[in-house]
Structure formats: structure tokens, C-alpha cells
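Structural overview
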Amino acid sequence: MDHGDLLNEFEDFGLAPNQKVLIKCSELLKKYDISADTLVNHWIGFAATKLNNEAPSLENLVVFESDLSKELSAKTKVKSEPLSESPVIHSITTINQIAEDDELLVGYGTPARKSSVGAKRTSGLEGTPQNKRLAGLGQAYPVHSPSVFSPSTPGTSSKFSTRSNSGEIVAKFDSSKYPTGDTTVLDWTRSNEKWEPNIQLHGTAESRLTTKYNYMFSRLTDKFDVLEEQINYMGDLMRVKLGIEEFESSHILKSDTFHTVGRICCDATSGSRLNTSSILLEGTRNISSGQSVPLDVSQLKEFSFFPGQVVAVEGSNPTGKKMVVTSVTTPPINSVFKTDVSFEGPLNVMVACGPFTPSDDLEFAPLVEFIQQINTILPHLVIIMGPFLDVKNKKVESGELDHTYQEQFDIIMIELQTKISNSVQVCVIPSWRDVHYRAVYPTPPFQQENKLPNFHFYSDPCVLNVEGVFIALTSTDILFHLSKEEISVAPPGSDRMGRLVSHLFSQQSFYPLNPPAEEMSVDLEHADDYCKLTFTPHLLLVPSDIRFFIKNVNGCVVINTERAVKGISGGTYSRLQITGEGSSVQVKAEVVRI
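Below, the structure is looked at part by part. (Residues numbered from 1 in each chain as written. Predicted model: local features only at pLDDT ≥ 70, side-chain atom pairs only at ≥ 80, totals over all residues. Heavy atoms only, no water.)

This brings us to the pattern of salt bridges. Under the criterion given, the structure shown has 19 salt bridges. In this structure, R219 engages D222 in a salt bridge whose closest nitrogen and oxygen atoms are separated by 3.0 Å. Residue classification places D222 among the buried positions, given a relative accessible area of 19%. What emerges from the salt-bridge pattern is a single network uniting D477, D545 and R563. (Salt bridge = Lys/Arg side-chain N within 4 Å of Asp/Glu carboxyl O. Buried < 20%, exposed > 50% of the residue type's maximum accessible area, 1.4 Å probe, protein only.)

What follows covers the sheet that holds strand β14 (residues 462–466). Spatially, 6 strands are ordered β2-β14-β15-β17-β19-β18 in an open sheet, and the strand pairing comes out mixed. Single-partner strands in this sheet number two, and they are β2 (199–202) and β18 (549–553). Within this sheet the neighbouring strands show an average axis-to-axis angle of 25 degrees, counted without direction. Note that strand β17 (residues 539–541) and strand β19 (residues 556–560) share 3 bridges and pair parallel. (Pairing = 2+ DSSP bridges. Helix = DSSP H or I, 4+ residues; strand = E, 2+ residues; numbered from the N terminus. Axes fitted to C-alpha atoms, helices over the stretch in contact; angles between N-to-C directions.)

Here we come to the sheet that holds strand β4 (residues 279–282). Spatially, the 5 strands close up into a barrel ordered β3-β4-β5-β8-β7, and their pairing is mixed. Each neighbouring strand pair of the sheet contributes to a mean axis angle of 55 degrees, computed without reference to strand direction. In the sheet, strand β3 (residues 254–266) pairs with strand β7 (residues 310–317) via 7 bridges, with the strands oriented antiparallel. Within the sheet, the bridge partner assigned to F258 lies in β7 and is G315.

A few words now on the state of the cysteines. Considering all chains together, one arrives at 0 disulfides under this definition. In this structure C266 is a free cysteine whose sulfur lies 8.7 Å from that of C265, the closest cysteine sulfur available. Free of any disulfide, C462 has its nearest neighbouring cysteine sulfur in C427, separated by 7.6 Å. Looking at C462, the relative accessible area reads 5%, which means it is buried. (Disulfide = S-S within 2.5 Å.)

Spanning 15 residues, helix α3 (residues 36–50) covers 21 Å between terminal C-alpha atoms, matching the ideal 21 Å at 1.5 Å per step. Regarding α3, the residues found buried are A36, L39, V40, N41, H42, W43, I44, G45, F46 and A47. At the exit of α3 stands N52, carrying a positive phi of roughly 55 degrees. (Expected span 1.5 Å × (residues − 1).)

With that settled, the discussion passes to the packing of aromatic side chains. For the structure shown, the criterion picks out 13 aromatic pairs. On the numbers, 5.3 Å between centres and 20 degrees between planes, the contact of F303 with F305 is stacked. Across the pair, exposure class does not vary: F303 and F305 are buried alike. Aromatic side chains F388 and F409 sit 6.1 Å apart centroid to centroid with 70 degrees between the ring planes, which places their arrangement in the edge-to-face category. Of this pair, F388 sits in the loop between β11 (381–385) and α11 (394–398) while F409 sits in helix α12 (residues 405–419), placing them 21 residues apart in sequence. (Phe/Tyr/Trp six-rings, centres within 6.5 Å; stacked < 30°, edge-to-face > 60°.)

Our next topic: the packing of helix α1 (residues 4–12) against α3. Where α1 meets α3, the axes come as close as 9 Å, and the angle between the chain directions of the two elements is 35 degrees. Every pair of crossing elements has a handedness; the one defined by α1 and α3 is right-handed. Between α1 and α3, the contacting residues are D5, L6, E9 and F10 on the first element and A36, D37, L39, V40 and W43 on the second. A class-by-class count of the residues in the contact of α1 with α3 yields 6 nonpolar, no polar and 3 charged. (Left-handed = near helix turned anticlockwise from the far one by under 90°. Contact = heavy atoms within 4.5 Å. Nonpolar A, V, L, I, M, F, W, Y, C, P; charged D, E, K, R; others polar.)

What follows deals with the environment of L72. Secondary-structure assignment places L72 in the loop between α4 (58–71) and α5 (92–107). Measuring from C-alpha to C-alpha, the distance between L72 and S272 comes to 9.6 Å, with 200 residues separating the pair along the chain.

Once that is clear, we can look at the packing of α1 against helix α2 (residues 19–32). Their axes nearest at 10 Å, the elements α1 and α2 cross at an angle of 110 degrees. Here α1 is positioned roughly perpendicular relative to α2, judged by the angle of their axes. Contact residues: L6, L7 and F10 in α1; L22, C25, S26 and L29 in α2. (Parallel < 35°, antiparallel > 145°, perpendicular 65-115°, else oblique.)

Bringing the nonpolar core into the picture now. L6, F10, L39, W43, L540 and V558 are the most contacted members of the largest nonpolar core, which has 58 residues in total. With 7 residues, the single largest contributor to this core is α3. Ignoring sequence-local partners within four residues, the contact set of F10 consists of L15, P17, L22, C25, L39, V40, W43 and P56. (Core = buried A, V, L, I, M, F, W, Y, C linked by side-chain atoms within 4.5 Å.)

Turning our eyes to something else, we now look at unusual backbone geometry. A cis geometry characterises the amide bond from G354 onward to P355, with omega recorded as 10 degrees. Counting through the fold element by element, P355 comes out in the loop between β10 (347–353) and α10 (365–377). Between N514 and P515 the backbone carries a cis peptide bond, its omega angle lying at 5 degrees. As for its placement among the helices and strands, P515 is situated in the loop between α14 (496–507) and α15 (524–530). With a phi angle near 60 degrees, E562 is a residue other than glycine that sits in the positive phi range. Within the secondary structure layout, E562 lies in the loop between β19 and β20 (565–566). Here E562 falls in the buried class, since its relative accessible area comes to 8%.

Relative to the elements of secondary structure, D390 occurs in the loop between β11 and α11. Look at D390 and you get buried, because its relative accessible area is 7%. Beyond its immediate stretch of four places on either side in the chain, D390 contacts P355, V396 and R433.

Structure below.
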């Protein structure tokens, strides 16, 4: 049996399952009559929420199938063909999952099944609070934490230290030769050594983020006003695009076609995730009295929806209870920002996103390697995005540190500032995953009292103006979050990653998903000021757990550098060479293994 489609879908997320896993997944496709894209999307969401992003195996597919059957619509037809007899081998993952299910039943007053694996597990660290950010404290890991992080200290992860593909170029792009993709060998020698690019923050000043405020204390009415204003603003853009005078209420009884506007929501009664049976359109207070109406999208040949998306729909509502949609309109995408660009030769840039140490140590050997590459190439600009001290690191989870979180982070910052050449401009971007910092999005810039003149600290997300070149960036994995929630019907061979990026431009937001991913804490009021993407930049940096790529999307060069470290293995970073004259900007880029 050909497993090519399955393998391609898994590879989009950087996964390479073995043949036995692919056979098992193929059986699930037959049994539940679903596509490879649907199955992999379910797997990514399941692994992220319940398996800490583990790779698929025969053992955890057993638990996954149970979750899959609950998620699928009640209309899904289960085929009667029997599955091949596969041995069920329980691992600690599946046993823990069974135990968690039992604990959930007990919480609702339902007796747990009589099994030894259903016994409630206790933390190995007595008196430690059990919460989302410190999940896994009960796991035991060998103590190994250096008292001082030093570039001379090698990493302990054998998989990283024994890697053989360091420096391998895994992706190339040249915008001057787009769409052919032909590239030449780039010369990274810094030709204009004394030139320092002027870096400015574009958009709203960060003063509101840097002052103290009680984030996540917004009133419901304030949140409603933010979402309402988003629909009204986007609605005006789509009304002009459609050439109509006004939208009509979505819940009126009308057999003729009409246009209405609203925000895509999920009907929780039809499943916890968005599907074709659970799509709701939430209208505005002025047009639809804030009411929601179910959408029948069976007549659409193509569509792409996710929770929080603002769209205009055309259709009829013959019963007054469900709208039959015939067409969907999304907000127009603005053209690339026009500006005057003038460089003294090419602008060389290096970009990397954390974590910067394997998940099983705090030695930061990959960060040392990256610093060495910086000092070898001496680019004009380096953009380093968090997390630096990752909340998902096993040493952090288990509390095996010789310093406080802040002290450990300060050590990292001191090393960056003392080891990187002062001829290089460095932009440091935080992440909500930095355990010592504010776990909120948008994330304020790091506050450093004794920073060097060549170091600049900005918020996540932000837009930088570098000599007329606009670089938009975020360290938050919006592509991964969108890929888990989006449902779509698209032609075979369509560019899925390009479509996900287009949502950011169309919705004019760095994070258009609402409600956000379970692990995220989004402050809507501050997001309304600092997460808008009101124009298409020259360059968009969106590092993700999804496989690296460089694409031209609507005239913008979009780069997913992936991460500097993936688990206990080395990851990737990117090198860019930007040239410009007048309003024309050309980008040559590479993704390189660290």
C-alpha cells in the first residue's frame, strides 16, 4: 500500500514515522473514512495536548484512536473492515493516559475503573504546586546543572554532540529569481565592516507593555468590545471589496441570497474542535444583535476556516435557524509596504529561535555554536528569539537548577553580550515560554539595566524598520496553533503553509486565533494595540515546530527558521542577505543546521 500522502503530511510537521506506524495509520484512515490530512491534524493536536509532542508510535496510537473516535462527527461512517491483529503494547505514556482519564472521572463523581494503573499518582517533590507551567515535577531526572553557563562547557546531550550534519544548508531562496527558486552560492563576507544599520521599532510605542499592569484581568465587556471592533473594522473592508452598501442580519428568515459578516466560532455541542458540523458565525451587536447562526458549507467547493476568523458570507437562511452558504469573502490583503530603501552594500542578517539547549540539559551548547557562527560571519544584524530558559525543558520542569530562574537567565544574557562581537547589532525577542518572565501574549521586552549599545530588546510580536526594510516577527508558534484548528477543503497539491501565512495578512494580526491555544494566555486589550499586522512587510519571521520553509507569500518573504534545538537534537537557523534600492527589496536566504 502506498503511504506517500500520510508520510508527506507527517513530514510537514517534521515527523518521520516508521513503516509499522504508517500501516497502523492507514488502517485508521479506512476504518474512519478520513483523509491523511485530517488524521495528521488530529494527531498533532492530540500529541501537543496529551503527549508533550511525542512522535507517533504503535503504543500511543492506541490512546490516540480512542481520542480520534470521540472527536469525529457523529455522522462519520465507520467501515466494517476488520483491522489487522496488531499487538497492543502498553508503555508509561499509555498507562499514564489511562490514569489521567480515571482521575477525570473521579473529579466528576464517577467511580474509576478497578485497575492498578488507575491509582492516583503523586508528585516526587513534596509540597510542590501542580499546575500547567510546572507539569512533570513528579518525574525524576539525573541532576546535572552547571553553576555557571560558559561557552567552553560542552553539551551533555549525546545526540547533539555526535551530530554529523552541522552546517548543512537545508533550504535556499532568492527573491530575485522567484518563482524558479534557482540560487547561487552566497558570499557571507561582510563587505562594509564599519556600517551599522539603523534599527527602529515600527508601530505603537511599547510604554504600555513595559509599565506594570495586571494582565489577564480584563473585564468581559472590554474583551467583547475588542472583538466587536475587529469585526466592524474588517467588515467595512469586505463591504467595500464586495461593493455592497450594508450587511444584513445573519439570523433573519430569508430564502433569497444576502450578505452578512461575523466571526467564525465552534459549536461546542458538536465537538471540541471545529468541523463542518460545528461552524457558527457570530454576528455583531449592531447587525445581528450579537447572535450566532450555524453555517451549512456543503455547497462550497473550497474553504478555509478557523476559530476567530472574521469573514463575510453570502447565502440564504430559509428556516431562520441555519444559513446555507454559497460564497465566503475574507478581508483584502494589503500590498507590501512602499518605502525608500538604500543600503551601503548588502545587509547580512542571522536569525535563530529558542530553545537554545537540549531538553534534557542546561548546558546551552547549541547557543555556543550559534555565537561562534555569528563571530565567524559577523553579520550586520542578528535576531535572537526566545525561549531562552524554556518552561518545557525537563530540568526546569523538575526544578533541578542551582540558580533562580532570573539568575539563570541573567547568566545567558551576560554570555550573549560578552561573547558576541560589538560590531554586530543584536535584537533580543522574548517568549511567553521563558519561565522567568511574564507568561502572557503580547510579551513585553526584557528589562536589562546594563545592556550594551549594540543590544536592542523588543516585545513579541513586533515590526522592525531596518533602513527602510520592514521585518515583522513573532516567537510564538502561530503556524502550529493554526494548523491544529484550521479546517479546509482545498485543491490537491495546494500550498497549505502559504495559506496559513495568508490568514495572518488577511486578518491583519500576528495571532488571529480566538480562543487561543490552550497553552497560551492572550491579553486581548494589549493584543489590540501590539499584535496588529496592518500592512504586508518585506520580511516575516514565524519560527515554528512545523518543518522549516522559505516562501514568497503575497510579495512578502516568509521564513520559518524552525528552532535552534528540537528535543535533544540540533535544529536550524537562517541567514539572510538583503539588498534594496528605491522601493525594491531583494532577499536571499538560507536555512542552515546548527
